[in-house]
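Structural overview for review
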Amino acid sequence: MRRYSYSLLSKVAATHPSRIVSGFCFRDFVSDIKSITPNKQNQSQLSDTHHHRHHKPCYRTHGLILQEIHQFQNNPCRNLSSLVDQNPRKSKKKERSEIEDEFESAVSTEEIMEALEAMKSAFGNNDVQLGWAYLKVGLHLDREGENPEKTLEFANKALDVFDRNNKVSLSVAMTLQLMGSACYSLKRFNDSLGYLNRANRILSRLELEGTVNESDVGPVMHAVQMELANVKTALGRREEALVNLKRCLELKQYVLEPDSREMGVANRELAEAYVAVLNFKEGLPYCLKALQIHEKQLGDDSVEVARDRRLLGVVYTGLEEHEKALEQNELSQKLLKKWGLESELLRAEVDAANIQIALGKYDEAVSTLGGVVRQTEKDSKTRAFVFISMANALCSQEKYEDSKRCLEISSGILGKKESEAPVEVAEAYTEMAMLYETMNELEAAISLLKKSLAILETVPQELHSEGSVSARLGWLLLLTGKVPQAIPYLESAVERLKESFGSKHFGVGYIYNNLGAAYLELDRPQSAAQMFASAKEVMDVSLGPHHADSIDACQNLSKAYGTMGSYTLALEFQQRVIDAWESHGPSAHDEIQEARQLLEQLKEKAQGSSCNDEDEVSPRKALPLPRSSDCALNRR
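The rules behind these values
- Residues numbered from 1 in each chain as written.
- Predicted model: local features only at pLDDT ≥ 70, side-chain atom pairs only at ≥ 80, totals over all residues.
- Heavy atoms only, no water.
- Helix = DSSP H or I, 4+ residues; strand = E, 2+ residues; numbered from the N terminus.
- Polar contact = N/O pair within 3.5 Å; in protein donor to acceptor, adjacent residues only side chain to side chain.
- Salt bridge = Lys/Arg side-chain N within 4 Å of Asp/Glu carboxyl O.
- Buried < 20%, exposed > 50% of the residue type's maximum accessible area, 1.4 Å probe, protein only.
- Phe/Tyr/Trp six-rings, centres within 6.5 Å; stacked < 30°, edge-to-face > 60°.
- Lys NZ or Arg CZ within 6 Å of the ring centre and 35° of its normal.

1. What to know about the environment of T430
- With respect to the helices, strands and loops of the structure, T430 is situated in helix α20 (residues 422-438).
- Separated by 21 residues in the primary sequence, T430 and K451 place their C-alpha atoms 8.9 Å from one another.
- Here the side chain of T430 touches S452 through a polar contact of 3.0 Å, side chain to side chain.

2. Topic: the side chain of E424
- Looking at the element boundaries, E424 is found in helix α20.
- Reaching out from E424, the side chain makes a polar contact with the side chain of K381 at a distance of 2.9 Å.

3. Here's the deal with the pattern of salt bridges
- Taken as a whole and assessed by the stated rule, the structure comprises 34 salt bridges.
- D402 serves as the salt-bridge partner of R405, at 2.1 Å between the closest nitrogen and oxygen. With R405 and D402 both in helix α19 (residues 400-414) and three residues apart, the pair spans about one turn of that helix.
- Judged by its relative accessible area of 45%, R405 is partly exposed.
- Given the relative accessible area of 30%, D402 is considered partly exposed.

4. Regarding the packing of aromatic side chains
- Evaluated as defined, the whole model comprises six aromatic pairs.
- With centroids separated by 5.7 Å and ring planes inclined at 70°, the aromatic side chains of W132 and F162 adopt a geometry described as edge-to-face. Placement of W132 in helix α6 (residues 128-144) and of F162 in helix α7 (residues 148-164) is noted, with a sequence separation of 30 residues between them. Across the pair, F162 and W132 agree in class, each one buried.
- Centre to centre, the rings of Y561 and F573 are 5.9 Å apart; their planes meet at 15°, and the pair counts as stacked. On the criterion of sequence distance, the pair formed by Y561 in helix α26 (residues 548-564) and F573 in helix α27 (residues 567-582) is long-range, its members being twelve residues apart.
- Against the face of F103 rests K136, its NZ or CZ located 4.4 Å from the ring centre.
- A cation sits over an aromatic face here: K157 above F154, 5.0 Å from the ring centre.

This is how it looks when you write it as structure tokens:
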């Protein structure tokens, strides 16, 4: 992705010549503003033909990196030495100066390491110059990207020096950002989060105190915020990552023209992040802003406009404004065809078919997809994804045999792609499993979910997806009567989703409820009551106490207490069920009547009357997990 402009960093160096920051380059910020020439932008657009996935923009920064060693405009070590070494002998000064020059002029890893050894001999362990030297080595290694362990080692050495000087400074924040980046590369996400949060606190303090110019803090702050978004996304905390991505956009607004092309791309990328969490309403204004900027700067027929319109079609699909979605998709296809972007055009055609399915135009969708199939290679991922969409259209028409044949073709292709594109294949397996569910082919669905889960367990960044697939697998095992097998998957899902989304996420509530049903099935009513109570607590917070699923959780809790013989508690929660349904008014007449009948049965049992109709007092087996279009969107 784009790097922080060297021209902007040079400005930082001019105001603070003692800082090594003049040679730093921050990835994923902005490219050189001066290099943008509006009259020539359309000519350069075709050079960027990589796939802009609408759901997972790349947030990788790789930390603060050195652009080129010879680009250093100042000698930070020499400037700092005047503050540290009060009365050096003249010959010693010359020696240190020569060593610093050699270190500053070193370019290759071998030269830098050799010069560092000389620095270590000439400077004390607590010397700030040595801290800067360690940081420079770490940044150089980070740019090389081959040895994050070594990068982290030198960043740690730099931090030890800076910390011993007891100074909260920009240099400390920069070092912590580098450590966070290295830990991200090593998939040590919790460690990365700790370093980045500390860096963020330091930068916020410097900004508040006004001891450092905003132009100095801005680039480092952007790098920290972008890396925080990376780490939180990897941990499945995508909602939290959006806060950091919004902050990145705000920081770009300080250095970019409001209607620059790069601001357009930045707005689109934030819209993509919202689409990734299925928050289409929040993503819409950013997508529209991107389109507005690109139309103004590049014209109505540019590649960037084509990409904006394709994403806008996805957003409108998520908002169930399918006619608008189809209109934007058609406009996008015309532009993509004009610019010869065949791969993106195929994906746009698949988008169009999915919109047609949503509109109930199944025959048109099948026809569209048939045309796409003829343009794909026999064993390509795109072909596999097209057959999944075709299976969806045929399933919607209840042409189950044809649908299953499409899924079999897709499965045969994807089985060869698991190592090449593990996440995409796992998402596809999950989507296929949902189609098998619809066709009541539950064993086939379970088999595919197990394959999906096995893949996701090898990808640390997909913790949230692992939790979701595990939850669905546990639910299907419950439905098929495999209760002992279901429990480990459900318990694992709870832990994964709590870690990814927090303990009060509605998905956690559904899993608690299903665990309660499983424990009750195994004649463990106390454990069941604990799970139902947890489910109710989560759903009351996330969905509200009057939501139908929250009421069902309360109903199950009442029945569990009844099974245990704790009739006082059972009656209390059953009354809450009645009160909650009554708040729905006449539309909940049947539910109110059923709840009142159960209350009477509980009263009879509490008074010692016999009630042998076990089916009427047993809790519901499980709450179905909400179906999600996340898999389909992710492949866009």
